[in-house]
Amino acid sequence: MELLQTIVALTSLVVISNILSHFLKRVPVSLIQIALGLLAALFLNLHVELETEWFLLLFIAPLLYSDAWRFPKKELWELRGAIFGNAILLVFITTILGGFIIYALVPELPLPVALAIAAILSPTDPVAVAAIAKQAKLPPSIMHLVAGESLINDASGLVGFKFAVAAASAGTFSLFAATSNFLYISLMGTVVGLVLGFALNTLGDWLSAHGNTDVVFRVVLQLFTPFLVYLLAEELHTSGVIAVVVAAIVQNLHTQNDADYSGELHVVGINTWNVFGYLLNGYIFVILGIELPLATNLGNSVSLPMALLYAVITWLVIFGMRVIWTYINQWVRLKNHKNETASWRVALLSGLSGVRGAVTMAGVLSVPLMTDSGLPFPQRSLMLFIAAIAIIISLLAAVIFLPLLAEKPKTQVPPGDTEAHPVVAQHMSEARARVYVLQSAVREIETRRRESNQAIAYEIILRYQMQIRQLQMRFMKADKLSPILKAEINLRELALDAERSALRKLLVEERITPLVFASENRRIDRMEADLDDLVTHDKRKRTWRQLKRFVVMTRRSIRVWLSDDSSDRLIAEYKVARHEAAKEAIAAISDYLESEAGQASKTDQTAAYNLIITYRSRLEHEKHDHGGPQQEALVRMDLEVSGLNAQREATQHLYDAHFISAETGLKIRQMINFAEAGMLTDEEE
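As annotated in an unreviewed UniProt entry, the chain carries the name Na+/H+ antiporter and is attributed to Weissella confusa. UniProt's Function (unreviewed entry) comment on the chain is quoted here verbatim: "Na(+)/H(+) antiporter that extrudes sodium in exchange for external protons." Under the Sequence similarities (unreviewed entry) heading, UniProt states for the chain: "Belongs to the monovalent cation:proton antiporter 1 (CPA1) transporter (TC 2.A.36) family."

**Student:** I'm lost on unusual backbone geometry in this one. Help?
**Tutor:** Phi is mostly negative for residues that are not glycine, and the peptide bonds are mostly trans. Unusually for a residue other than glycine, asparagine 45 sits at a positive phi of about 55°. In this structure, asparagine 45 sits in the loop between helix H2 (29-43) and helix H3 (52-70). Asparagine 45 sits in the exposed class, given a relative accessible area of 67%. One non-glycine residue with positive phi stands out, namely glutamine 379, at about 55°. Here glutamine 379 is to be found in the loop between helix H15 (358-365) and helix H16 (380-405). Taking relative accessible area as the criterion, glutamine 379 reaches 22% and is therefore assigned partly exposed.

**Student:** Just checking my understanding: could you explain the nonpolar core for this structure?
**Tutor:** Where a protein is soluble and globular, its nonpolar side chains tend to be buried together. Within the largest apolar cluster, 106 residues are counted, with the highest numbers of intra-cluster contacts made by Ile102, Leu109, Ile117, Phe161, Val241, Met361 and Met383. Take this core: its biggest share by element is 16 residues, from H16. Look past the residues within four positions of methionine 383 in its chain and what remains in contact with it is Val113, Ala116, Ile117, Phe161, Val165, Val364, Val367 and Phe377. Counting 24 residues, the second largest nonpolar core, distinct from the first, contains Ala495, Ile586, Leu611 and Ile612.

**Student:** How do you make sense of the side chain of arginine 500 when you look at a structure like this?
**Tutor:** By secondary structure assignment, the location of arginine 500 is in helix H19 (residues 478-508). Overall, arginine 500 belongs to the buried group, its relative accessible area being 15%. In contact with arginine 500, other than residues within four places in its own chain, are Asn521, Ile524, Asp525 and Glu528.

**Student:** Is there a simple way to explain the packing of aromatic side chains in this structure?
**Tutor:** Each aromatic ring pair is summarised here by two numbers: the centre-to-centre distance and the angle between the ring planes. Tallied over the entire structure, the rule returns three aromatic pairs. A ring pair is formed by tyrosine 65 and tryptophan 273, whose centres lie 5.4 Å apart and whose planes are at 40°; its orientation type is tilted. Of the two residues, tyrosine 65 sits in helix H3 while tryptophan 273 sits in helix H12 (residues 263-295), which places them 208 residues apart along the sequence. Exposure remark for tyrosine 65: the relative accessible area of 1% places this residue in the buried category. Taken together, a centroid distance of 4.9 Å and an interplanar angle of 15° make the contact between tryptophan 315 and phenylalanine 319 stacked. Of this pair, tryptophan 315 and phenylalanine 319 both sit in helix H13 (residues 304-333), four residues apart, which is roughly one turn of that helix. What makes tryptophan 315 buried here is its relative accessible area of 15%. Of the aromatic side chains, those joined through ring pairs into one cluster are Tyr65, Trp273 and Phe276.

**Student:** I tried to follow the environment of alanine 608 on my own but got confused; where do I start?
**Tutor:** Relative to the assigned elements, alanine 608 resides in helix H25 (residues 602-620). Judged by its relative accessible area of 0%, alanine 608 falls in the buried class. For the pair alanine 608 and isoleucine 586, spaced 22 residues apart in sequence, the C-alpha separation works out to 9.2 Å. In contact with alanine 608, not counting residues within four places along its chain, are Leu491, Ile589 and Leu593.

**Student:** Whenever I open this one, the packing of helix H1 (residues 2-23) against H2 confuses me. Can you help?
**Tutor:** Helix-helix packing: each pair is described by the crossing angle between the helix axes and the interaxial distance. Contact pair H1 / H2: the axes reach a minimum separation of 9 Å and the direction vectors enclose 135°. By the angle class used here, H1 and H2 are oblique. Considering the relative orientation of H1 and H2, their crossing is right-handed. Here H1 contributes Leu13, Val14, Ile16, Ser17, Asn18, Leu20 and Ser21 to the contact with H2, which in turn contributes Val29, Ile32, Gln33, Leu36 and Ala40. By residue class, the composition of the contact of H1 with H2 is eight nonpolar, four polar and no charged.

**Student:** Just to check I follow, could you spell out the pattern of salt bridges for this structure?
**Tutor:** Pairing is possible between side chains that carry opposite charge, provided their charged atoms lie close to one another. Tallied over the full model, the rule gives 14 salt bridges. Between glutamate 430 and lysine 667 there is a salt bridge, with the nearest N and O atoms lying 3.9 Å from each other. Within this pair, whereas glutamate 430 is found in helix H17 (residues 430-447), its partner lysine 667 is found in helix H27 (residues 662-684), the two being separated by 237 residues in sequence. For arginine 448, the salt bridge identified is with glutamate 444, shortest N-O distance 2.8 Å. Residue glutamate 444 is classed as partly exposed on the basis of its relative accessible area, which comes to 26%.

Rules behind the numbers
Residues numbered from 1 in each chain as written. Predicted model: local features only at pLDDT ≥ 70, side-chain atom pairs only at ≥ 80, totals over all residues. Heavy atoms only, no water. UniProt positions renumbered as here; feature names shortened; annotations may be inferred. Helix = DSSP H or I, 4+ residues; strand = E, 2+ residues; numbered from the N terminus. Buried < 20%, exposed > 50% of the residue type's maximum accessible area, 1.4 Å probe, protein only. Core = buried A, V, L, I, M, F, W, Y, C linked by side-chain atoms within 4.5 Å. Contact = heavy atoms within 4.5 Å. Phe/Tyr/Trp six-rings, centres within 6.5 Å; stacked < 30°, edge-to-face > 60°. Axes fitted to C-alpha atoms, helices over the stretch in contact; angles between N-to-C directions. Parallel < 35°, antiparallel > 145°, perpendicular 65-115°, else oblique. Left-handed = near helix turned anticlockwise from the far one by under 90°. Nonpolar A, V, L, I, M, F, W, Y, C, P; charged D, E, K, R; others polar. Salt bridge = Lys/Arg side-chain N within 4 Å of Asp/Glu carboxyl O.

Have a look at this one:
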């Protein structure tokens, strides 16, 4: 029970952190998660007991597999030299040279512990820097390099860290023995990863050949793979993390030649891993915050200010080595790339983008409490403190300095052109393009509307109109939005007055009871009050109004249930009231459109059309004969597909006419594809 409560608490903190990150856009979610974990430890007494055996298996194996399995093959190949240089050579140099520097500058640390800190701080975390990079507009080459090297340096850094920790636990350290063992288990881990990767690919092919193409099963097999590979590799006394990365890369490369690897499997797999990785990364940083109070308990060995100084020095050592390594690499590339130059700005960008994150924290938290001799692990708290503060410093440095150093993108002139083409594609914003695309879908469905499908057509059109309105409310400037809102408010007030007139007439004719008359009038009152939201955008007032409406509806339901009148009779009266009120509202709007004022205003005509659709949808849904559920589903599917195709054609038209960029067109197409996938999923269920 305690374990379940801890999982629920950690998940709650991860969810809260991502809600807060929506409002604190410039603060990395990792820092928010660390802060929430710290608060939970201090005020809620939340504690997580860590065990080395399961921590690396539970967190590191699936995160490494996910990154390697999803990494773009093209970029992995094009940057292979830089990736393997940063991931192998830089990690080795950082571990050895950086470890000795840290050992010299932090006298409280034994040499194996200093080497372990240098090793575990060498892996970079592309997830932690991704949100910062989007705002800073980092060059794609740097982002691909950070993401690519993280696949390998996670494994190489963890292997070096594991050896250093083992040496600290045993109380002896030999650089030659550590290096030879490192090479042995790395090579054997690679072999195990290759064998298991090919074996799992063969298993997948065999299952497909025998008719097992279940997407859910294949995704479950993917989720199971990193745990299986890690456990088998560790049982063979090789590197589990290297085996997981190699197996994932083998499976990644296999997908391009796998005829059974469908788009559905790719989408489901990617989304599943996104959710899984989202939670695992969040758990790690929350646990870091929870462990911070323990890390600050440094005992009498070192004071807190001195520990902070040691953490800053450690980060500067790791950061400086990465910057110098990048600058030297640029000089090396000048021999084969004469058009390039060595730049300290690029070197600093590379150093700052090497943010430390989940893998570093997961590794340092896995350090055992006791050595092989049963004594406390030497300076474990100081080690944890230095690593945690170094992670926080790397995140803060990236947030502050990356946007300052990153250059704004310049317009590139294609080879052979003497001048750049006019950037017409940037004239239309994404929001405006989406509105145009949705309006094209509305027009297409309107042309396909018939007497037999009117109810469904109006329902789909109404949904598109709501999406258009949400986009307008979020992205339109006030001066352009104001006339639209004013026209809609005036017409809605006109329609609501017409509804009231229809209700009074029904009451006089005794076609409805005073109970129904009063209830429908209160509904109209609420709709009039809701019109205020279109102008004020007062979220607190809207929330209070929604709460009040819920209470009123509850009271109304109880009153109707306790009423002496027949429920069937009340339902019939409500239908009559809604039907006649809708007819009267349509008539009032139509009369206005025929007037001189209505014909003079294009804005009024658009608003009137949208409002009439709302009322016609209400009338059409009162007709219960749609040809049966199966026929209704076929009609709906036909109209939905027509709307989606119209959106695709409109997107292509905007791109061909240079009104939107390729990036904007891709985003809109992705939204259309997601909408189609959601619709097809609903139909299957």
